[in-house]
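# Inside the fold
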Amino acid sequence: MSREGMVSVGGNTYSVPDATRSRLVEVHSLADEVRIFENGPLIAVHPVLEGRKQRRVHPDHRRSGTVRRLHPAAIDDGGTLQGAGDRVLQRSLAFYDAAGKEMAQENRP
């Protein structure tokens, strides 16, 4: 999750509620929606955005309509950070292996 409270999926970014405490969330990307979980519970559902570099902020996710700004160099323009360069969350391959196995189980009849 970015400092602005956004999760990047397929080249687009989706909001999580301001109350989200964990910097690591679980994302399930389905054909028609993106589901975001924090330590088990579902915290956000978004329709999949077409294309790339698009941004979706659910109105209920922001207190008083403001966007999180924790770093002055961060500009919320679809997940690109200005200044020191782009930053991405690094995960071990074991994370993707587990996510792939979980998704495979969900798609079985």
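Residues numbered from 1 in each chain as written. Predicted model: local features only at pLDDT ≥ 70, side-chain atom pairs only at ≥ 80, totals over all residues. Heavy atoms only, no water.

The next subject is the environment of Asp-32. Structurally, Asp-32 is set in the loop between β3 (26-29) and β4 (33-37). Given the relative accessible area of 57%, Asp-32 is considered exposed. Considering only alpha carbons, one finds Asp-32 and Val-48, 16 residues apart in sequence, at a separation of 5.4 Å. Sequence-distant contacts of Asp-32, defined by excluding residues within four places in its chain, comprise His-46, Pro-47 and Val-48. (Helix = DSSP H or I, 4+ residues; strand = E, 2+ residues; numbered from the N terminus. Buried < 20%, exposed > 50% of the residue type's maximum accessible area, 1.4 Å probe, protein only. Contact = heavy atoms within 4.5 Å.)

Glancing now at the pairing of strand β1 (residues 6-9). Relative to strand β2 (residues 12-15), β1 runs antiparallel, the two being bridged by four bridges. Across the sheet, residue Met-6 finds its bridge partner in β2, namely Ser-15. (Pairing = 2+ DSSP bridges.)

Bringing the sheet that holds strand β6 (residues 55-56) into the picture now. With respect to topology, three strands assemble into an open sheet ordered β1-β2-β6, the strand pairing being mixed. Two strands close off the open sheet at either side, each with one partner strand: β1 and β6. When β2 meets β6, the two strands line up parallel, connected through two bridges. Across the sheet, Tyr-14 pairs through a bridge with Arg-56, a residue of β6.

This part covers the side chain of Glu-33. Examined against the element boundaries, Glu-33 turns out to sit in strand β4. Here Arg-35 takes part through its side chain, which lies 2.6 Å from a polar atom of the side chain of Glu-33. Once you skip the residues sitting within four places of it in the chain, Glu-33 turns out to touch His-28, Val-45, His-46, Pro-47 and Val-48. (Polar contact = N/O pair within 3.5 Å; in protein donor to acceptor, adjacent residues only side chain to side chain.)

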